[in-house]
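# Reading the structure
Now for the letters of each chain:
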Amino acid sequence: MDIEFGREICGTLPTAESREWLVTNGIGGYASGTVAGLLTRRYHGLLIATLNPPLGRTLLVTKLDETVQYNGQSYLLFTNRWTGGTVSPVGYHHIERFFLDGTTPVWQFGFSDVQLEKRIWMQLGSNTTYVQYTLSRATQPLQLTLQAFVNYRDYHGSTQSNGWQMSVEAIAQGIQITAFPGAAPVYLLSNSASVTPAHDWYYSFDLAAERDRGLSDREDHLHAATFTITLEPASSFTIVVSTEPQLDLEGESALKLKTAHEQKLIQLFEISRPIHAEKTPDWIHRLVLAADQFIVDRPSSNDPVGETIIAGYHWFGDWGRDTMISLPGLALSTGRPEIARSILRTFAQYVDQGMLPNRFPDAGEAPEYNTVDATLWYFEAIRQYYCATEDDSLLRDLFPVLADVIDWHCRGTRYNIHLDASDGLLYAGAAGVQLTWMDAKVNNQVITPRIGKPIEINALWYNALRTMAKFAQQTGKPYQDYEAIANRTLAKFSRFWNEATGYCYDVIDAPNGDDDSLRPNQIFAVSLPQSPLTPSQQRQVVDVCGKKLLTSHGLRSLSPDHPDYAGHYVGNGPERDRVYHQGTVWGWLLGAFALAHLRVYNNPAQAQKLLEPLVNHLTTHGLGNLSEIFDGDAPMTARGCIAQAWTVAEVLRAWSAIDDHHHCVRNVTPTQNKIGK
């Protein structure tokens, strides 16, 4: 689908600054900003590099401010908002068209008889951003001047200069900037422009989106160089910003590599699908390109080509839970099983006491293991991978890891996670620790502690046991014990059914008794391959979730009928965290709901229509991407990350599964359809 805007969007600041673009480099770094060219977040910049891939993200180059001299007139094409609210200059007035070419943002500035095009992309596998200008229409040459602004800080931080003196040094074809002794050098390079070093701090850029989030909303950036070039009609000029001194400065060749990569992604997706009469909708192709932005390298001493999944942009790293939920949609549904294989192997290295890590801290400390569900989602990710590939080799390699996981859960592991022998259900929880995906915590208070036996944890546990029994049979190992535990779990799963309400308890055996809050977690007891609910119960769950929790963009995390329901995700950090799972809509849940609906009603057309409202969302917030969360109340404004892995993944997976309904799915071997990162 085309994502493009004219002056009606680009020339109106509230709409132009609310639409954000994103490009990534496959190692965790990215560039991002607004259609207006206005900084609104601390996370905006031309080069947010990963100094310790895939983490260690650092803002190095903020932006380029463009000024044009043409036919005796000066045109300022950039836009800044300053503390106090003044917007000056108003360069967005000159944007006559903005569009995405694949994932590459493109601006067309129009003034006099000129059309000047600008596009931004990153080099895969490198902390390198290209910015290309093309004078596509003019009757005479123009002079283009670029002021380059830099920084050097953690991407979560903000900078007040306070006399900070960076080293700015002229080198061949550009400048080298060293923020302080021992800092990674940053290079701004061009093979055709003249460059003049500078060192001028610009103070008090206003960051409106950060103010809305209750965070510091003022920042300083350093003007470190000015590039100047005269462009002839139909000519192009490229500036490259990077942590690497030796680069291909030819913009056209670099752009061709980027374009070829994205074309290959679409080809792999189409090749992986069985033959269908209908053409794939363009919006699904958009999601295939978006999916690639989350897949990044995670090299280690054991696996130098390991891979992982970034949970969301702009501020999340790779999380075990998000990775396992997202893997099938991002890798298998897109026809890239070798990516899934690599990620499954990578995470196997980090299994400890039968648990996958919850997250890898940004600063590179030891992984954190405060999750009960990430490991159970690992089983489901492996199951889906095996169904797609029949890769017996990987299954044999991972089986001992999975067997150890089951053993640890049966005898007990961290945070009181253990199998209750009396009913075959999994118990989890410790005071002050958030273990499920509803993990908001304010100071020492866990907002939704869910200590006890959560519904989705036990649905995943049952699914994992049935999966493990099949894996054991496939690999020639004893399977009877796994079947026996699964049968005990199934026999007592009826304890979750609340006859009085007609839906499942969210948590049973909690410290304060069974929790009958209507939450979306029970949908997984229907959508997972092995459902422990009766057909009648499955239908009732789908119906009540549809009536009370379903919205255009996902499921509410709590019913509006509950006294703790909050319909708007706004305020400062603690205020937002308190309502994160108290009514806020989560996009990733829409995939599971659509598949549960398909299971109950066997109506693919209706199930697929549940996903279609997100088509329009691709043109707002994170362009070409799907957001993390939305307000529970209309108009259900997008909040949180502008691009969230599991939202994209689950919509892709659900659409593909529904589209494949009643069709045979082609098996793909792990060595087929390889694509380089």
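To be clear, the structure that these remarks concern was listed above.
Being a predicted model, the structure only gives us computed values, none of them experimental. (Residues numbered from 1 in each chain as written. Predicted model: local features only at pLDDT ≥ 70, side-chain atom pairs only at ≥ 80, totals over all residues. Heavy atoms only, no water.)

## So, the overall build of the protein
Heads up, the condition is: Only runs of H or I of at least four residues qualify as helices and only runs of E of at least two qualify as strands under DSSP, and these elements are numbered from the N terminus. With the radius of gyration taken over C-alpha atoms, the globule rule is written as 2.2 Å times the number of residues to the power 0.38. Each residue is assigned to one of three classes by its accessible area relative to the maximum for its type, calculated with a 1.4 Å probe on protein chains only: buried under 20%, partly exposed between the two thresholds, exposed over 50%. In what follows, residue pairs with any heavy atoms lying within 4.5 Å of each other are defined as contacts. Computed by Shrake-Rupley with a 1.4 Å probe, the accessible areas treat only the displayed protein chains as cover when residues are assessed. Charged residues are defined here as Lys and Arg on the positive side and Asp and Glu on the negative side; His and the ends of the chain fall outside this count. The atoms used to mark charge sites are NZ of Lys, CZ of Arg, CG of Asp and CD of Glu.
Helix and strand content of the protein: 18 helices and 36 strands. Relative to the compact-globule value of 26 Å for 677 residues, the protein shows a C-alpha radius of gyration of 26 Å, a close match. In terms of principal-axis extent, the alpha carbons of the protein reach across some 85 × 55 × 50 Å. Per-residue burial for the protein yields a buried fraction of 64% across its 677 residues. A fraction of 65% describes how many contacts in the protein between residues 6 or more apart in sequence connect residues 24 or more apart. A total accessible area of about 23,600 Å² is found for the protein, and carbon and sulfur atoms account for 49% of it. Positive and negative side-chain charges in the protein, numbering 54 and 72 respectively, have mean positions lying 3 Å apart.

## Regarding the nonpolar core
Across soluble globular proteins, you tend to see nonpolar side chains buried next to one another. Filter applied, for reference: By nonpolar core is meant a set of buried Ala, Val, Leu, Ile, Met, Phe, Trp, Tyr and Cys residues that side-chain atoms within 4.5 Å join together.
Judged by nonpolar contacts, the single largest core of 206 residues is most densely connected at L116, L144, L188 and L344. Broken down by element, this core gets its largest block of residues, twelve residues, from helix 10 (residues 455-474). Discounting chain neighbours no more than four positions away, the residues touching L344 are M324, L327, Y378, A381, I382, Y385, L394 and L398. With nine residues, the next largest nonpolar core counts L189, L247, A254 and L255 among its residues.

## A look at the packing of aromatic side chains
Going by this rule: Two aromatic rings, drawn from Phe, Tyr or Trp (for Trp, its six-membered ring), form a pair once their centres lie within 6.5 Å of each other, and the interplanar angle then sorts them: stacked below 30 degrees, edge-to-face above 60, tilted otherwise. For a lysine, the NZ atom is tested; for an arginine, the CZ atom; a charge sits over a ring if that atom is within 6 Å of the ring centre and within 35 degrees of the ring normal.
Counted under the stated rule, the structure contains 28 aromatic pairs. Geometrically, the ring pair formed by F98 and W107 is edge-to-face, given 5.2 Å between the ring centres and 70° between the ring planes. Grouping residues by exposure puts F98 and W107 together as buried. Linked through ring pairs, W377, W437, F524, Y569, Y580, W586, W588 and W646 together constitute an aromatic cluster. Residue placement shows R213 over the ring face of W315; its charged tip is 4.2 Å from the ring centre.

## Here's the deal with the pattern of salt bridges
Note the threshold: Every case where a carboxyl oxygen of Asp or Glu lies within 4 Å of a side-chain nitrogen of Lys or Arg is listed as a salt bridge.
Counting across every chain of the model gives 38 salt bridges. Between K279 and D282 there is a salt bridge, with its nearest N and O atoms 3.3 Å apart.

## Re empty space enclosed by the protein
Put simply, the rule is: Every definition here rests on a 1 Å grid over the protein atoms only: cavities are sets of points where a 1.4 Å probe fits but cannot get out, pockets are open sets enclosed by protein on both sides within 12 Å along at least five of seven lines, and lining residues have some atom within 4 Å of a point. Grid points are joined across faces, edges and corners, and a volume is the space filled by probe spheres set on the points. In this classification, the charged set is Asp, Glu, Lys and Arg, the nonpolar set is Ala, Val, Leu, Ile, Met, Phe, Trp, Tyr, Cys and Pro, and all remaining amino acids, among them Gly, are polar.
Tallied over the entire structure, the rule returns four cavities of 30 Å³ or more. As a volume, the largest cavity reaches approximately 260 Å³. For the lining of the largest cavity, the secondary structure elements donating two or more residues are strand 3 (30-34), strand 4 (45-52), strand 5 (55-70), strand 10 (104-111) and strand 11 (114-122). Among the elements that make up the lining of the largest cavity, the one with the highest residue count is strand 5 (five residues). In this structure, the second largest cavity spans a volume of roughly 100 Å³. Only strand 2 (20-24) and helix 5 (282-292) provide two or more residues apiece to the lining of the second largest cavity. For the lining of the second largest cavity, the element with the most residues is helix 5, which contributes three residues. Residue composition of the lining of the second largest cavity, grouped by class: six nonpolar, five polar and one charged.

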